Amino acid sequence: LGEEADLDVQELVTLPVDQPEFKRRLDNLLRARESSIQLAERTHQYRELVRLAPESILLVRGGQIVYANESAATLFGYEDTAAVVDTPLSEHVNESDDAIWAALDTIEAHGSTDSYVDARMTASDGGVRDVEVAGVTIQFGGEPTTQLILRDVTDQREREQQLTLFERAIETAAQGVTIADARLEDMPLIYVNEAFERITGYDAPECLGENCRFLQGDGTDEETVATIREALEAESPVSVDILNYRKDGTPFWNKLDIVPVRDDSGAVTHYLGLQQDVTD
């Protein structure tokens, strides 16, 4: 059977015993041994998955951190998990945040959280990290323990705030702002701001999906149009004064700037248009 079998021989050779009984005992011991090996392998795999998981994982018992994976140490600004284990959870929670304590109460009462909740943690350098937290009650070391999963969303929150700021700035800009999708046929508009609606008299739903040339009319200079077309074909920025027409048919001089927007690979995906009524 080999050394790894580690069977209890007394279980097999206790006399008297007939051959069928001997075989039954041997089969039972082999199945038990196989189950033990599989359990040990699954336990090892689980520990490795937890250790290397991109999410921060903490095990908390009685308000004390009894386990932290490598991502948790990084989240809190430490190089080693030893700096986190055996420290109170409160040491790493932003003092102005109560969400994580509410999550712990929910886990204690119901065994888990229904979803991720927003919370704020404090790193070793005093910086605040925005996280999403979920948790569940597990057995660790033979005792009920709270397992917390923390997703670091600090960078995501900052990007969202920047996008909100940019959106508000564009919406309140005095200049008309348009965005055309260069990846679609005829480069239709996918965004216009309020100033564009005010300058042209067209509502956004009337513009979206259309090429911006609908502002051109009988008096629009063909050479100026050709200049724009050549710049778009060359994927270059262009600035022109062009005679356009409002929805009610009245002409206006439009100081038009078009700028290509490129993705990480350098390909042009959109064109940003800036319009200013310079008729006066």
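Criteria and cut-off values
Residues numbered from 1 in each chain as written. Predicted model: local features only at pLDDT ≥ 70, side-chain atom pairs only at ≥ 80, totals over all residues. Heavy atoms only, no water. Helix = DSSP H or I, 4+ residues; strand = E, 2+ residues; numbered from the N terminus. Buried < 20%, exposed > 50% of the residue type's maximum accessible area, 1.4 Å probe, protein only. Areas by Shrake-Rupley, 256 points an atom, 1.4 Å probe, with all protein chains shown as cover. Contact = heavy atoms within 4.5 Å. Disulfide = S-S within 2.5 Å. Salt bridge = Lys/Arg side-chain N within 4 Å of Asp/Glu carboxyl O. Expected span 1.5 Å × (residues − 1). Polar contact = N/O pair within 3.5 Å; in protein donor to acceptor, adjacent residues only side chain to side chain. Core = buried A, V, L, I, M, F, W, Y, C linked by side-chain atoms within 4.5 Å.

### Describing the overall build of the protein
Scanning the protein from N- to C-terminus turns up eight helices and 10 strands. Buried residues in the protein amount to 32% of all 280 residues. In the form shown here, the protein has an accessible surface area of approximately 17,400 Å², with 50% of it arising from carbon and sulfur atoms.

### Regarding the environment of Gln276
Along the polypeptide, Gln276 turns up in strand S10 (residues 268-277). Given a relative accessible area of 36%, Gln276 falls into the partly exposed group. Note: C-alpha distance between Gln276 and Val177 (99 residues apart in sequence) is 9.2 Å. Residue contacts for Gln276: discarding those within four places in its chain leaves Gln175, Trp253, Asn254 and Lys255.

### Quick word on the state of the cysteines
Summed over all chains, the structure comprises zero disulfides. No disulfide involves Cys207; its nearest neighbouring cysteine sulfur is the one of Cys212, lying 7.8 Å away. Cys207 gets classed as buried once you look at its relative accessible area, which sits at 0%. Assessed through its relative accessible area of 25%, Cys212 is described here as partly exposed.

### Describing the pattern of salt bridges
A complete count under the given rule lists 12 salt bridges for this structure. The partner of Arg213 in a salt bridge is Asp186, with the nearest N and O atoms 3.0 Å apart. Of this pair, Arg213 sits in the loop between helix H7 (204-207) and helix H8 (222-233) while Asp186 sits in the loop between strand S6 (176-181) and strand S7 (189-192), and the two are 27 residues apart along the sequence. By relative accessible area, Asp186 is classed as partly exposed at 41%. A salt bridge links Asp277 to Arg246; the nearest nitrogen and oxygen atoms lie 2.7 Å apart. Of this pair, Asp277 sits in strand S10 while Arg246 is found in the loop between strand S8 (238-245) and strand S9 (251-262), placing the two residues 31 residues apart along the sequence. In this structure Arg246 comes out as partly exposed when scored by relative accessible area, which is 22%.

### Points about H8
With 12 residues, H8 should cover 16 Å at 1.5 Å per step; its first-to-last C-alpha distance of 16 Å lies within 8% of that length. Taken together, the buried positions of H8 are occupied by Thr224, Val225, Ala226, Ile228 and Ala231. Tucked into the core, H8 has its buried residues touching S8 and S9. Its side-chain oxygen at 3.4 Å from the backbone nitrogen of Glu223, Asp221 defines the N-terminal cap of H8.

### Quick look at the nonpolar core
Within soluble globular proteins, side chains that are nonpolar generally end up buried alongside one another. Leu58, Leu89, Ile100, Met121, Leu148 and Leu150 are the most contacted members of the largest nonpolar core, which has 20 residues in total. Counting residues per element, the ones that place at least two in this core are strand S1 (56-61), strand S2 (64-68), helix H3 (70-75), helix H4 (99-110), strand S3 (117-122), strand S4 (128-140) and strand S5 (143-152). With sequence-adjacent residues up to four places away left out, Ile100 is seen in contact with Leu89, Val93, Ala119, Met121, Val133 and Leu148. Among the nonpolar cores identified, the runner-up in size contains 18 residues, and Leu215, Val225, Ile228 and Val268 belong to it.

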